[in-house]
Amino acid sequence: MKRDLLYHFVQDSLRPYFEDFVIKDRSNPVIVQFNGILHSLHISQVHDSGNRRSNDDEVRIQIPRKYIDKQRSRREGRMNVAFIGFFEGGRVFTAWDPMYIFTLQARRMVSVYARQTQKERVEECSAAVRTFSAKYMEENTSEIALTSDSLGFYLQNIQHFHRLRSDEDIQRIVRDSYSANFLSIEGETTSTSEKRMRFSYTRKAFPRDPQFKKKVLAAYGHACCVCKRQLGIVEAAHIIPHSVHNSPNTVDNGLALCIEHHALYDTALLLPGPDNLLIFNQDRAEYLRQEKQAKGLDAIESLHHTRFAKPVSQEYEPSNENLQRGLEIRMGSGS
Ligand SMILES: [Zn+2]
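Describing the coordination of the zinc ion
Here the zinc ion is held by Cys224 (SG), Cys227 (SG), Cys258 (SG) and His261 (ND1), and the distances to it run 2.0 to 2.3 Å. Between the 4 donor atoms coordinating the zinc ion, the angles at the centre fall across 99 to 115°, so the site counts as tetrahedral. Written as a sequence motif, the donor arrangement for the zinc ion is C-x2-C-x30-C-x2-H. Within this pair, whereas Cys224 is found in the loop between helix H8 (210-219) and strand S13 (234-238), its partner His261 is found in helix H9 (residues 259-266), the two being separated by 37 residues in sequence. For the residue pair Cys224 and His261, the accessibility class agrees, reading buried in each case.

Shown next, in the form of structure tokens:
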């Protein structure tokens, strides 16, 4: 996987869980926002450490010094920062305490290490922790491995996670986070600290205007603006995501999309753009090819630069300005 496509792993991990998830900047360290909070994530893929003779389980990521400096200054600017390494396939990630990475001294390229067997443990029991001593830290530090659907949970509790010292503790916390109805959970560790750690997992709900869907569907004659199908499978989508500040609930900020084209829109593979032209996202396509998830791609690509339908009445037509802004937000190249 090319380094500049890794943000798709982040997008696929977080988008299903956070209504307001947007990528603010897709170049590494990637800036994402959810629950109204900005997170700066240095992402890379774990690979062989080149040191297999001494430890054939060892893998590592390498972080250019300039990215660490960037992360430090973003942290001082009150962004939540993290260092994430995705294992092949993107379904398991490993993460190091940013405070530990900030102590590392290498001048140009910093290496941090993980274990390939962590991935297998996570696939079996959803979470694993490895504790190790660090040269410039008084206490031990830890490397955490989790499934990618726990990335949001991790990002909301980075400091707590790196104080966990046993697999039982981390697995219990993660299990609790799977239960659907909590807004915050409390985790207690017995091994490291008498203090209670309050883990939280929040998904902000954004109020929806019930009239929006009704009006948008009526404006488009209950037909998908891409494939023209009706069949009672058509939904209303916002052009500027409804979680974005100042996104209006007006019909000219809406599109009628069938469930299939809505999903392709949400995953940013096929997007309505200015002048009623559909835009096929080559970047996303390249990622799907590399992930061997590209069956059916040609049919979608053939829609590039074809026109999507306008609403029946001109007054409901989306403006080019909104279409352009929506496109930039969804492709992660604007804010
Ligand atoms: Zn459709």
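Now that the structure is up, let's keep going.
Brief notes about the sheet that holds strand S4 (residues 47-48)
A sheet is described by the order of its strands in space; here 3 strands give the open sequence S4-S5-S8, paired in antiparallel fashion. Looking at the sheet topology across the chains shown, the edges are occupied by S4 and strand S8 (109-115). Of the pairings in the sheet, the one linking S4 to strand S5 (residues 58-64) comprises 2 bridges and is antiparallel in character. Across the sheet, Asp48 pairs through a bridge with Val59, a residue of S5. Where helix H2 (residues 65-76) meets the sheet, it contacts S5 and S8, and its direction lies at approximately 70° from that of S5. Against the sheet, helix H4 (residues 116-125) makes contact with S5 and S8, and its axis sits at roughly 45° relative to S8, the strand it touches most.

Remarks on the domain arrangement of the protein
A common measure of how large an interface is: the accessible area buried when the components associate. What the domain assignment reports for the protein is domain 1 (3-197) and domain 2 (210-331). A separation of 33 Å is found between the C-alpha centroids of domain 1 and domain 2. Taken as a group, Leu5, His8 and Arg15 account for 38% of the area that domain 1 buries against domain 2, more than any other trio of residues on that side. The interface formed by domain 1 and domain 2 contains 2 salt bridges. Here Arg26 makes a salt bridge to Asp283, at a shortest N to O gap of 3.6 Å. Every element with two or more residues in the side of domain 1 that touches domain 2 is listed here: helix H1 (7-14) and strand S1 (22-25).

Examining the side chain of Ser44
Looking at the element boundaries, Ser44 is found in strand S3 (residues 37-45). Judged by relative accessible area, which is 3%, Ser44 ranks as buried. Every residue in contact with Ser44, bar those within four places of it in the chain, is listed here: Arg3, Leu6, Ile61, Ile84, Gly85 and Phe86.

Re the confidence of the model for the protein
Looking at the protein as a whole, the pLDDT averages 89, with 93% of positions reaching at least 70. Below pLDDT 50 for its whole length, residues 189-194 participates in 10 contacts with residues either more than four positions away or in separate chains.

Description of the sheet that holds S1
Taken in spatial order, the 7 strands line up as S1-S2-S3-S6-S7-S10-S9 in an open sheet, and their pairing is mixed. Of all the strands in the sheet, just S1 and strand S9 (127-132) have a single pairing partner and so form its edges. The sheet shows a mean angle of 30° between the axes of neighbouring strands, taken without regard to direction. Contacts from H2 reach strand S2 (30-34), S3 and strand S6 (80-86), with the element oriented near 145° to S6.

As for the environment of Val22
By secondary structure assignment, the location of Val22 is in strand S1. Overall, the relative accessible area of 9% leaves Val22 in the buried class. Taking the C-alpha atoms as reference points, Val22 and Gly36, 14 residues apart in sequence, are found 9.8 Å from one another.

Let's talk about the pattern of salt bridges
Considering all chains together, one arrives at 15 salt bridges under this definition. One salt bridge connects Arg289 with Glu286, and the closest N-O pair in it is separated by 3.5 Å. Within this pair, Arg289 and its partner Glu286 are both found in helix H10 (residues 282-290), separated by 3 residues, close to a single helical turn. Judged by its relative accessible area of 36%, Arg289 is partly exposed. The class of Glu286 is partly exposed, set by a relative accessible area of 25%. One network of salt bridges, in which partners are shared, links Arg65, Asp69 and Arg72.

Here we look at helix H12 (residues 320-331)
In a regular helix each residue adds 1.5 Å, so 12 residues correspond to 16 Å; H12 covers 16 Å between its end C-alpha atoms and thus fits that length. Those residues of H12 that are buried lie in contact with H1, S1, S13, H9, strand S15 (270-272) and strand S16 (278-280).

Quick word on the packing of aromatic side chains
Scanning all chains against the criterion turns up 13 aromatic pairs. Taking 6.0 Å as the distance between ring centres and 80° as the angle between the ring planes, the aromatic pair formed by Phe83 and Phe102 counts as edge-to-face. Taken as a pair, Phe83 in strand S6 and Phe102 in the loop between helix H3 (98-101) and S8 lie far apart in primary sequence, 19 residues in all. With centroids separated by 5.3 Å and ring planes inclined at 80°, the aromatic side chains of Phe153 and Phe161 adopt a geometry described as edge-to-face.

Calculation rules
- Residues numbered from 1 in each chain as written.
- Predicted model: local features only at pLDDT ≥ 70, side-chain atom pairs only at ≥ 80, totals over all residues.
- Heavy atoms only, no water.
- Donors = N, O, S within 2.8 Å, 3.2 Å for Na, K, Ca; no water.
- Tetrahedral: all angles 85-135°; square planar, octahedral: opposite > 155°, others 65-115°.
- Helix = DSSP H or I, 4+ residues; strand = E, 2+ residues; numbered from the N terminus.
- Buried < 20%, exposed > 50% of the residue type's maximum accessible area, 1.4 Å probe, protein only.
- Pairing = 2+ DSSP bridges.
- Contact = heavy atoms within 4.5 Å.
- Axes fitted to C-alpha atoms, helices over the stretch in contact; angles between N-to-C directions.
- Domains from an automatic or database assignment.
- Buried area = accessible area lost by both parts, 1.4 Å probe.
- Salt bridge = Lys/Arg side-chain N within 4 Å of Asp/Glu carboxyl O.
- pLDDT = per-residue confidence, 0-100.
- Expected span 1.5 Å × (residues − 1).
- Phe/Tyr/Trp six-rings, centres within 6.5 Å; stacked < 30°, edge-to-face > 60°.

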